[in-house]
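# Residue-level structure breakdown
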2 protein chains.
Amino acid sequence: MPPSGRPGTGARTRPPAEAPPRELVPLERAEALRLLGGAPFGRIVFTVRALPAIRPVNHLLADDTVVIRTHDGAALTMAALDGDDTGVVVAFEADAIDPVTRLGWSVVVTGFARPVTDPVRLARYRALLSPWVNATMDHMVAIQPDLVTGYRLTEGAAGVS
Amino acid sequence: MPPSGRPGTGARTRPPAEAPPRELVPLERAEALRLLGGAPFGRIVFTVRALPAIRPVNHLLADDTVVIRTHDGAALTMAALDGDDTGVVVAFEADAIDPVTRLGWSVVVTGFARPVTDPVRLARYRALLSPWVNATMDHMVAIQPDLVTGYRLTEGAAGVS
């Protein structure tokens with residue numbers, strides 16, 4: 001790559017008319033969860049052998065938890081199964097930020113992830129959440145939103161008001 | 001929220017004509033870095049007090065590292081500064097996945113994050129990378145792509161070929 005390291009498509013990071021800096025306006029928990037629930041997919045953040053790991057995955061906001069499907073060998077499945085009854089702590093992030101206007105939002109839920117074992121919940125979640133990839137995703141992991149943080153990227157006026 | 005927990009906008013997660021499951025096709029390192037470098041922004045993943053943390057942030061691929069700006073109080077700045085000379089291990093993720101067609105890509109870089117201290121590099125990176133938010137982002141952190149993983153979500157035929 002060129003010395004600057006920026007490939008041709010890197011121009012996307014600097015729109016012709018660059019948007020002004022945006023204000024970060026914190027989101028209330030309820031609004032943050034509403035936005036997260038409406039996002040088409042998010043990113044699960046966890047730890048594998050003390051290293052940070054992140055995977056895009058589609059999700060479902062159900063029974064006040066963030067539910068995702070995983071497969072047998074998934075690192076997260078293993079981590080959740082290896083955890084004690086309290087589960088393992090993970091983060092789940094979703095955002096919708098327009099790269100040109102630089103307006104949008106980001107929400108992060110942090111909490112314990114536990115395998116869903118109740119057959120009724122499993123059946124309901126499977127009906128509501130189809131895997132996006134061609135893989136057997138038999139496991140369901142429910143993430144408890146112990147901590148919900150989020151913000152909107154707004155124009156200055158809105159941010160100051 | 002309703003028992004299903006899915007707000008009205010949740011419909012976005014299930015397009016009227018739902019796309020078929022996609023194939024995950026691993027990306028070569030060079031292609032993965034090219035896609036990452038061309039992404040308008042990504043998400044930095046790190047650890048704060050043993051908890052997973054993730055923040056969207058715009059980036060620059062320069063000198064074979066992923067460069068981001070941070071501010072004085074940023075948890076990542078602290079972590080990077082607190083780390084020994086080897087730095088702290090973080091992940092940086094970018095993706096471009098169409099929620100309707102469910103086609104796209106995702107790339108994750110994992111490696112040591114270190115503060116950029118060389119004045120020449122600092123000046124060059126500051127000129128190339130403007131903060132998206134209205135905050136003083138004096139620090140630059142360079143992430144070494146020790147591990148680069150990524151995949152494309154493709155239609156079956158492409159995935160199988």
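For the structure itself, consult the block above.
This write-up is about the structure you can find in this document. (Residues numbered from 1 in each chain as written. Chains lettered and ligands numbered in written order. Predicted model: local features only at pLDDT ≥ 70, side-chain atom pairs only at ≥ 80, totals over all residues. Heavy atoms only, no water.)

### Quick word on the overall build of chain A
Stated precisely, the cut-off is as follows: Secondary structure elements are taken from DSSP: a helix is a run of H or I of four residues or more, a strand is a run of E of two residues or more, and numbering for both begins at the N terminus. Burial here depends on accessible area, computed with a 1.4 Å probe over protein chains only, as a share of the maximum for the residue type. Under 20% is buried, over 50% is exposed, and the range in between is partly exposed. In this description, contact between two residues means that some pair of their heavy atoms is separated by no more than 4.5 Å.
Across its full length, chain A holds 4 helices and 9 strands. The helix and strand sequence of chain A, counted from the amino end, reads β-α-β-β-β-β-α-β-β-α-β-β-α. Within chain A, the proportion of its 161 residues that are buried is 50%. Relative to all contacts within chain A whose residues are 6 or more apart in sequence, the contacts with residues 24 or more apart total 70%.

### Structural notes on the relation of the copies chain A and chain B
Short version of the rule: Alignment of the copies relies on least squares applied to C-alpha atoms, considering only residues that score at least 70 for pLDDT in both.
For the pair chain A and chain B, the relating rotation is 180°, the translation along its axis is 0.0 Å, and the fit reaches an RMSD of 0.0 Å. Taken together, these values place the two copies in the relation of a two-fold axis. Of the residues that chain A buries at the interface, 97% are likewise interface residues in chain B, meaning the two copies contact each other through the same surface.

### Here we look at the side chain of E93 of chain A
Applied cut-off: Think of a polar contact as two N or O atoms within 3.5 Å of one another; within protein, one of them needs to be a possible hydrogen donor and the other a possible acceptor, and neighboring residues in sequence only count if both atoms come from side chains.
Of note, E93 of chain A is situated in strand β6 (residues 88-97). Here E93 of chain A falls in the buried class, since its relative accessible area comes to 0%. At 3.3 Å, the side chain of E93 of chain A forms a polar contact with the side chain of S106 of chain A. What E93 of chain A contacts, discounting residues up to four positions off in sequence, is L36, G42, R43, S106, V107 and V108 of chain A together with R43, I54 and P56 of chain B.

### Describing the side chain of E23 of chain A
Among the structural elements, E23 of chain A can be located in strand β1 (residues 23-26). Side chain to side chain, E23 of chain A and N134 of chain B meet in a polar contact 2.7 Å long.

### Some points on the pattern of salt bridges
Note the cut-off: Here, a salt bridge means any Lys or Arg side-chain nitrogen found within 4 Å of an Asp or Glu carboxyl oxygen.
Applying the stated criterion across every chain, the model contains 16 salt bridges over all chains. The closest approach of N and O atoms between R43 of chain A and E93 of chain B, which form a salt bridge, is 3.7 Å. Of the two residues, R43 of chain A is situated in strand β2 (residues 42-48) and E93 of chain B in strand β6 (residues 88-97); the pairing between them involves two chains. The pair R43 of chain A / E93 of chain B is uniform in exposure class, with both members buried.

### Regarding the pairing of strand β3 (residues 51-57) of chain A
Residues and elements named next belong to chain A. Put simply, the rule is: Two strands pair if DSSP finds at least two bridges between them.
Along β3, 5 of the 7 residues are buried, which leaves the element largely enclosed by surrounding structure. Strand direction decides the pairing type here: β2 and β3, joined by 7 bridges, are antiparallel. Across the sheet, the residue bridging to R43 is P56, located in β3. Where β2 folds back on β3, the antiparallel hairpin that results is connected by 2 residues, among which R49 adopts a positive phi of roughly 50°.

### Details of the interface of chain A and chain B
Defined as follows: The buried area of a pairing is the accessible area, by a 1.4 Å probe, that goes missing from both parts when the two are put together, added over both. Amino acid classes used here: Ala, Val, Leu, Ile, Met, Phe, Trp, Tyr, Cys and Pro are nonpolar; Asp, Glu, Lys and Arg are charged; the rest, including Gly, are polar.
If you look at the interface, chain A gives 59 residues, while chain B gives 57 residues. Around 4,900 Å² of area is buried between chain A and chain B when both sides are counted, 60% of it from carbon and sulfur atoms. Counting the surface chain A buries against chain B, the share from its top three residues, P52, I54 and W132 of chain A, is 14%. Put simply, D95 of chain B and R43 of chain A hold a salt bridge, and the shortest N to O gap is 2.7 Å. Counting across the interface, chain A meets chain B through 10 residue pairs in polar contact (both at pLDDT 80 or more). By residue number, the principal contributor to the side of chain A that touches chain B is β6 of chain A, which donates 6 residues. Taken together, the residues of the side of chain A that touches chain B sort by class into 32 nonpolar, 12 polar and 15 charged.

### Quick look at the environment of D146 of chain A
Residues and elements named next belong to chain A. Assignment of secondary structure puts D146 in the loop between β8 (139-143) and β9 (147-154). By relative accessible area, D146 is classed as partly exposed at 39%. A C-alpha to C-alpha distance of 12 Å links D146 and T86, two positions 60 residues apart in sequence. Once residues lying within four places of it in the same chain are set aside, the contact partners of D146 are R29, T110, G111 and F112. Within the local environment of D146, its side chain forms a polar contact with the side chain of Q144, the two groups lying 2.5 Å apart.

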